[in-house]
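Observations on the three-dimensional arrangement
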Amino acid sequence: MDGVVAGDFASARNELVRRPGLSGPGRRAAMTALTDQWLGGLFTAATATAKDPFCLVAIGGYGRGELTAGSDLDLLLLHKSGATEAGRVAEALWYPIWDAGQRLDHSVRTVSEARRLASEDLKVVLGMLDLRAVAGDPALAEQLQSVVLGDWRAMAERRLPELRDMVLARRQRFGEASQLVEPDLKESYGGLRDATILRGVAASWVTDVPHNGHGDAVDFLLDVRDSLHRLTGSSSDRLLMQEQDAIAEDLVGVRDADALLRAVYDSARRIAYASDVTWHHVDRLTRQRQRTAFRPIKRRTAVRLPLAEGVVMQEGEVVLALEAKPARDEGLVLRAAAAAAQGGLQLSPHTVERLATEGVEPAVPWSREVRESFVSLLGSGPALVGVWEALDQSGVISRLLPGWDVVRSAPQRNALHKYTVDRHLVETAVQASALTRNVDRPDLLLVSALLHDIGKARGGDHSEVGARIAEGLAQRMGFADDDARAIVALVRHHLLLADTATRRDLEDPVVVNGVRDLLGDVAVLDLLHELTIADSLATGPTVATEWRFGLIGDLVERVRATMAGRALPEPPGLTEQQQVALAQRGVWVLMDVRDASCLVTVAAPDRIGLLSLVAGVLSLNRLNVLAAKVTTVGDRAVQEWTVRPAFGDPPAVEQLSDDIRRAVDGTYDVAARLARRDADYARTPAVAYPEPNVAVMGGTSATTVLEVRAHDQPGLLYRVAQSVSAADVTIVGAKVSTLGSDAVDVFFVTDPQGNRLGPDRAAALRTTVLAALSS
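So, here is what we can say about the structure in this document.

Reading the values: rules and limits
Residues numbered from 1 in each chain as written. Predicted model: local features only at pLDDT ≥ 70, side-chain atom pairs only at ≥ 80, totals over all residues. Heavy atoms only, no water. Helix = DSSP H or I, 4+ residues; strand = E, 2+ residues; numbered from the N terminus. Buried < 20%, exposed > 50% of the residue type's maximum accessible area, 1.4 Å probe, protein only. Contact = heavy atoms within 4.5 Å. Areas by Shrake-Rupley, 256 points an atom, 1.4 Å probe, with all protein chains shown as cover. Lys, Arg positive; Asp, Glu negative; His and termini not counted. Charge placed at Lys NZ, Arg CZ, Asp CG, Glu CD. Phe/Tyr/Trp six-rings, centres within 6.5 Å; stacked < 30°, edge-to-face > 60°. Lys NZ or Arg CZ within 6 Å of the ring centre and 35° of its normal. Salt bridge = Lys/Arg side-chain N within 4 Å of Asp/Glu carboxyl O. Core = buried A, V, L, I, M, F, W, Y, C linked by side-chain atoms within 4.5 Å. Axes fitted to C-alpha atoms, helices over the stretch in contact; angles between N-to-C directions. Parallel < 35°, antiparallel > 145°, perpendicular 65-115°, else oblique.

Time to look at the overall build of the chain. Looking only at helices and strands, the chain has 32 helices and 16 strands in total. Along the first, second and third principal axes, the C-alpha atoms of the chain reach 105 × 70 × 50 Å. When each of the 775 residues of the chain is scored for burial, the buried share is 52%. Long-range pairs, those at least 24 residues apart, make up 69% of the contacts in the chain with a sequence separation of at least 6. Total accessible area computed for the chain in this model is approximately 34,900 Å², and 51% of it derives from carbon and sulfur atoms. Averaging the coordinates of the 86 positive side-chain charges in the chain and doing the same for the 102 negative ones gives two points 3 Å apart.

As structure tokens, then:
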């Protein structure tokens, strides 16, 4: 009979999973009702001969009615009987569940045992706060719920800090759901686990939870998880990229994978914001109660410290003064926000609500006072993030900055970026706030930092699109025409310095003068330099490297010299070390180990393919190339390689020197060794990557630029250099960048006579390199 029941349940459950047109909430409710009915029958059979009362209790997600196709059943069997009868009933109950193929988390307890366990384990008590009687004597469940809830409230001030520590540790481990390309819907911060914890905090009566619509956010994440479990047939809560298209198609009203991710981010942000505010209140209230625990109770008036016109601090939060009139004061919203952020404080949720519902929008163009408050907010440093999020959650930011909604929660499917578009803009302003002492106009730097990527998520060149949007916003903010033009230039050219410094020959006057002509003003140059640094720091560690910053700084100084009418520095002559190297016979290798990189100097008889051989040896010795320069004098070539170990310490110079010597004389087969390594990597699962992009373009009067963009992999530089040699083209210099998983390698090349390439040879070079990368 049990097998028939199990089979009927499994069949009915599978039909629910596959039933078309059933919404997420409806499917979860139907799944819960079906499971309740099935377990009720099992419970009746298992307790048919029992003398004492039993109760089958659902806890956790099942208790809340959130069952999905991949959910476990979290069950507690409550009893008043002895261990023997309880064990018999449990065995009769659990085995049919296992026979049905249902995963089960189970326990058998008396009320007192369950109560004691809840008092010792935070995860247990949070699950029991959502308990629900499925079958049997409901008085047992009601008794347990009553005592657990009473204990939770009595011990909340002691246990909530421990729970807070668990939240912080999980956030560190799983990241923020609103910023991850593949968030864990349950464990990432702002996910379903935090929604459960918010219910627990609210049940403690220590503080209320903000009513910011996070309940709808929870429902949407549950719908996404329900779809994820049904379509994948697994219980994983991680929203992998390869699943996102199918889930978007499955959910009603979700256009595509990007729309899905944006909606997930919006939902996670609402939950995270509610969590942030709640924990801020918990921390404040528990500290206050600890300070007054052993003092006589007496009435006292809360101290209100003035911060700005109409803005005061009360009990660690920023609130409006009693006389403040949001509907009549156009500067109050930004004045309050700036006062909070500059003081490292939070706007109280009630204040945010008042500013959002009663506040009047500033007249356009903004007055100087409104603009200065906005700049003060942007310059507040890390505290900007929380205050901005509060205003953004309430819709204030979208009213202040038309068009902000387009970038709000917009995903960036790029390994370089660790934030969504809007959060990246805010983080860039945070980074820029630490650089304002380096420029004459901090206000232009901060506003440009906030707007530099405003053109994303709209199609087209985001720099050009963003420049047009920035022009309108700068005028809206009341900037003078010259200042507005500077902001537009900064947004339009925010990639200029980084792209030029890492992909062009900085010793070429044409390159330097081109940057000068685009910017035209040393003040704009200084602003763009600091904006580039802030943008890199906010993007992530892959692009915020000392090597990259050094190249950018070198370019800036060269452009500054031309703007001042000074001659560009002559290309450096041979160093003493290079002159010594050229005087040696055969192959000569020197390695200078620096803080974050190594400089490898190689001198050898010049020959076709020499650079590719050295590149291959460096790759085999786990050295990633950052830059390369080649100087040829007579029949000797000197190569300077800036490299960084892929991991660990660099190889001994003796080993590297020996490998290069043997590669040059033919006793060290670079190609064969790289092929063996490629074969080892081929044992890992094959992954499809975007096709490489190869461009050949004009450089200086004497060189041509070859730019290669491809997925980074061992030996890439060797293959490119080898294919260049095969095309009878000479590499005279190189700049190599690895950005996340993408390699952007630039080579300065000539024909065998030392001249720039003609059209036919340039086309042949591109074809040869593409063929080498595609093989």
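Moving on from the coordinates now.
Aromatic ring pairs are described here by two measures, namely the spacing of the ring centres and the angle between the planes. The full count for this structure, using the stated rule, is 5 aromatic pairs. Ring geometry for Tyr95 versus Trp98: centroids 5.2 Å apart, planes at 90°, classification edge-to-face. Here the residue Tyr95 and the residue Trp98 both occupy positions in helix H4 (residues 83–99), the gap between them amounting to 3 residues, near one helical turn. Under the relative-accessibility criterion, Tyr95 is labelled partly exposed at 46%. Taking the centre distance of 5.4 Å and the plane angle of 80° together, the rings of Trp366 and Phe374 count as edge-to-face. Of the two residues, Trp366 and Phe374, both sit in the buried class. An aromatic cluster of three or more residues is present, and its members are Trp366, Phe374, Trp388 and Trp404. Directly above the ring of Tyr62 sits Arg132, whose terminal nitrogen or CZ lies 5.2 Å from the centroid. Its guanidinium or amino end placed over the ring of Trp205, Arg153 lies 3.5 Å from that ring's centre, counting from NZ or CZ.

Another point: the pattern of salt bridges. In this structure the tally under the stated criterion is 46 salt bridges. For Arg193, the salt bridge goes to Glu187, with nearest N and O atoms at 2.7 Å. The closest approach of N and O atoms between Asp258 and Arg413, which form a salt bridge, is 2.6 Å. Taken as a pair, Asp258 in helix H12 (residues 257–291) and Arg413 in the loop between helix H18 (404–407) and helix H19 (421–433) lie far apart in primary sequence, 155 residues in all. Asp258 gets classed as partly exposed once you look at its relative accessible area, which sits at 37%. Looking at Arg413, the relative accessible area reads 35%, which means it is partly exposed.

This part covers unusual backbone geometry. Of note, the bond from Val364 into Pro365 is cis; its omega dihedral lies within 30 degrees of zero at 0°. By the secondary structure assignment, Pro365 is in the loop between helix H14 (349–358) and helix H15 (368–378). One non-glycine residue, Ser409, lies in the positive phi region at around 60°. Its place among the elements puts Ser409 in the loop between H18 and H19. Phi is positive for Asp728, which is not a glycine, with a value near 60°. With respect to the helices, strands and loops of the structure, Asp728 is situated in the loop between helix H31 (716–726) and strand E15 (730–739).

Ranked by internal contacts, the top residues of the largest apolar core, which has 90 residues, are Phe374, Leu377, Trp388, Leu401, Trp404 and Leu450. In terms of residues, this core owes the most to one element, helix H13 (residues 332–342), which gives 9 residues. Here Phe374 is in contact with Leu334, Trp366, Trp388, Leu401, Leu450 and Met477, once residues within four sequence places are set aside. Leu618, Val643, Leu656 and Ala663 belong to the second-largest nonpolar core, a separate cluster that totals 51 residues.

Here the focus is the packing of H15 against helix H20 (residues 442–451). Closest axis-to-axis distance for the H15/H20 pair is 9 Å, and the angle between their directions is 70°. The angle between H15 and H20 places the two elements in the roughly perpendicular class. Contact residues: H15 offers Phe374, Val375 and Leu378, while H20 offers Asp443, Leu446, Val447 and Leu450.

Worth remembering: the numbers are spatial, not functional.
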